[in-house]
Amino acid sequence: MVDKVKKIWLEGELVDWDEARVHVLTHSLHYGLGAFEGIRAYRRSDGRTAIFRLREHIDRLLDTCKLVFTMPRFTRAQIMDACSLVVRENGMDEAYLRPLVYVGDGAMGVYAPDNPIRTMIVAWRWGTYLGKDALEQGIRTKISSWSRHHLHVGLPRAKMMGQYTNSTLAKREARMAGYDEAILLDTSGQVCEGSGENIFIVKNGRLYTPPLSLSILAGVTRDTIITLAREEGIPVSEESIIRDQLYLADEAFFTGTAAEVTPIREVDNRAIGEGKIGPITKRLQQRYFDAVKGSDDAHPEWLTFLR
Ligand SMILES: Cc1ncc(COP(=O)(O)O)c(C=O)c1O
């Protein structure tokens, strides 16, 4: 359950949590067209709160809106300011932020080009996404029987609501089978990503992650990890990975705003490496936490401070 905070930003105004309602004929509720983001604000070691890579997340939100014809009436700057406002006005020092741009009520039927495009931003407190011990112990994963959308079926650059039925089915299948998370391949068998995370493997000291030409979300955390790995002198290849390479990896981990840097200790009942967090994963996880909430100020452009 999400713990209530006081206010939600809806269409340019802060409204009480319980008043932030939508009509049952909201178009997006029926047909899934619309854009959303997941962003974290962290309390840093100096006590100040910063939203991590806000600009990149809002750029991706607006890219999604462009891809699916749901441009909001607010500018990038207004949405970014509203994200800061929601965290500040709720008196939060850490938060998960969920901006969402959706098609409101009016006409029904899939076309409905003139329905209003509405924007909301909610913040809540969200701990470790994949479970309490996931960051230290790693998680057990299963290759999904569901494929990632073929490039002719979806829009991988879009963080679009409707596409998440695919993630939800994969996640539920994995959890119901006793695993923590699903790994989705595409229709030709290339490894793509988790239900809500990008994936990396380590083999012989080199980091590999699927390229953006496959059906994967262009993760902000993925980009952060590639940058940090290169700074650490770890070579990175963005290239296709097949299932066998995954099983035989020395290390593997997921990245995502929610999942942060979560080690994968098992894929389809095969231990990855020694079946625990590996040294390169550990180093990059540490660098990541230093960047988002530690004292690493090497990338001031990644931080939007609240106070
Ligand atoms: C399907 C999918 N892949 C990858 C990611 C990771 O993206 P990011 O690092 O920008 O949160 C997410 C999370 O938004 C996701 O939903």
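Residues numbered from 1 in each chain as written. Predicted model: local features only at pLDDT ≥ 70, side-chain atom pairs only at ≥ 80, totals over all residues. Heavy atoms only, no water.

Named according to an unreviewed UniProt entry, the protein chain is Branched-chain-amino-acid aminotransferase originating from Chondromyces apiculatus DSM 436. In UniProt, the protein chain has this text filed under Cofactor (unreviewed entry): "pyridoxal 5'-phosphate". You can read under Function (unreviewed entry) in the UniProt record for the protein chain the words "Acts on leucine, isoleucine and valine." (UniProt positions renumbered as here; feature names shortened; annotations may be inferred.)

Q: Help me get a handle on the packing of aromatic side chains, residues and values and all.
A: All chains considered together, the criterion is met by 10 aromatic pairs. On the numbers, 5.0 Å between centres and 65° between planes, the contact of tryptophan 9 with phenylalanine 74 is edge-to-face. Linking tryptophan 9 in strand E1 (residues 7-10) with phenylalanine 74 in the loop between helix H2 (54-67) and helix H3 (76-89), this pair joins segments that are 65 residues apart in sequence. Exposure remark for tryptophan 9: the relative accessible area of 5% places this residue in the buried category. Under the relative-accessibility criterion, phenylalanine 74 is labelled buried at 12%. Ring centres of tyrosine 96 and tryptophan 124 lie 5.1 Å apart, and the angle between their planes is 45°; this geometry places the pair in the tilted category. Pair noted here: tyrosine 96 is in strand E6 (residues 95-103) and tryptophan 124 is in strand E7 (residues 117-124), with a separation of 28 residues, a long-range link. (Phe/Tyr/Trp six-rings, centres within 6.5 Å; stacked < 30°, edge-to-face > 60°. Helix = DSSP H or I, 4+ residues; strand = E, 2+ residues; numbered from the N terminus. Buried < 20%, exposed > 50% of the residue type's maximum accessible area, 1.4 Å probe, protein only.)

Q: Describe the side chain of glutamate 181, with residues and values.
A: Within the secondary structure, glutamate 181 sits in strand E9 (residues 181-185). A polar atom in the side chain of glutamate 181 sits 3.4 Å from the side chain of lysine 171. Residues contacting glutamate 181, with those up to four places away along its chain left out, are Leu130, Ile139, Arg140, Thr141, Lys142, Lys171, Ala174, Ser195, Gly196, Glu197 and Phe254. (Polar contact = N/O pair within 3.5 Å; in protein donor to acceptor, adjacent residues only side chain to side chain. Contact = heavy atoms within 4.5 Å.)

Q: Give a detailed account of the domain arrangement of the protein chain, specifying residues and quantitative values.
A: On domain assignment, one finds that the protein chain holds domain 1 (7-124) and domain 2 (134-293). The distance between the C-alpha centroids of domain 1 and domain 2 comes to 26 Å. Of the residues lining the interface, 27 residues belong to domain 1; the matching set on domain 2 comes to 22 residues. Of the roughly 2000 Å² buried between domain 1 and domain 2 on both sides combined, carbon and sulfur atoms contribute 62%. Linking domain 1 with domain 2 are 13 residue pairs in polar contact (both at pLDDT 80 or more). The set of elements that each furnish at least two residues to the side of domain 1 that touches domain 2 consists of strand E3 (34-36), strand E4 (39-43), H2 and E6. Tallying contributions element by element places H2 first for the side of domain 1 that touches domain 2, with five residues. (Domains from an automatic or database assignment. Buried area = accessible area lost by both parts, 1.4 Å probe.)

Q: Explain the pairing of E1 to me, using residue names and the numbers behind them.
A: Relative to strand E2 (residues 13-16), E1 is paired through four bridges, and the arrangement is antiparallel. Paired with isoleucine 8 across the bridge in E2 is valine 15. Between the antiparallel neighbours E1 and E2 lie two residues, among them glutamate 11 with a positive phi of about 55°. Bridging between E1 and E7 involves two bridges; their strand directions are antiparallel. Paired with leucine 10 across the bridge in E7 is methionine 120. (Pairing = 2+ DSSP bridges.)

Q: I'd like to hear about H2, residue by residue, with values.
A: Here H2 contains 14 residues, and its C-alpha end-to-end distance of 20 Å stays within 8% of the 20 Å for a straight helix at 1.5 Å per residue. Buried within H2 are the following residues: Leu54, His57, Ile58, Arg60, Leu61, Leu62, Thr64 and Cys65. After H2 finishes, the residue phenylalanine 69 shows a positive phi value of roughly 60°. (Expected span 1.5 Å × (residues − 1).)

Q: Provide a residue-level description of the packing of helix H6 (residues 220-231) against helix H8 (residues 279-293), including the pertinent values.
A: Between H6 and H8, whose axes approach to 10 Å, the crossing angle comes to 110°. On the basis of the axis angle, H6 is roughly perpendicular to H8. Two packed elements cross with a definite hand, and for H6 against H8 that hand is right-handed. Across the interface between the two elements, Thr221, Thr224, Ile225, Leu228, Ala229 and Glu231 from H6 touch Leu284, Arg287 and Tyr288 from H8. Its residues assigned to classes, the contact of H6 with H8 comprises five nonpolar, two polar and two charged. (Axes fitted to C-alpha atoms, helices over the stretch in contact; angles between N-to-C directions. Parallel < 35°, antiparallel > 145°, perpendicular 65-115°, else oblique. Left-handed = near helix turned anticlockwise from the far one by under 90°. Nonpolar A, V, L, I, M, F, W, Y, C, P; charged D, E, K, R; others polar.)

Q: Can you explain the pattern of salt bridges? Please cite residues and give values.
A: Here the structure, examined in full by the defined rule, presents 27 salt bridges. Of the charged contacts, one joins glutamate 173 and lysine 142 as a salt bridge, the two residues approaching to 4.0 Å between their closest N and O atoms. With glutamate 173 in helix H5 (residues 164-176) and lysine 142 in strand E8 (residues 139-143), the pair connects residues that are 31 residues apart, well separated along the chain. Residue classification places glutamate 173 among the partly exposed positions, given a relative accessible area of 22%. Through salt bridges with shared partners, one network takes in Glu231, Glu232, Arg283, Arg287 and Asp296. (Salt bridge = Lys/Arg side-chain N within 4 Å of Asp/Glu carboxyl O.)

Q: I'd like a rundown of the site of the ligand, residues and numbers included.
A: Among the 17 residues in the neighbourhood of the ligand, the closest are listed as Lys159, Tyr164, Glu193, Thr221 and Thr257. Arginine 60 places a side-chain nitrogen or oxygen 2.8 Å from an oxygen atom of the ligand. For the ligand, an oxygen atom lies 2.7 Å from a polar atom in the backbone of valine 220. Protein contact buries 95% of the 390 Å² of open area that the ligand shows by itself. Going through the elements one at a time, H2, H6 and strand E14 (251-256) are the ones with two or more residues in the shell around the ligand. In the shell around the ligand, the residues fall into three nonpolar, nine polar and five charged. (Near = heavy atom within 4 Å. Areas by Shrake-Rupley, 256 points an atom, 1.4 Å probe, with all protein chains shown as cover.)

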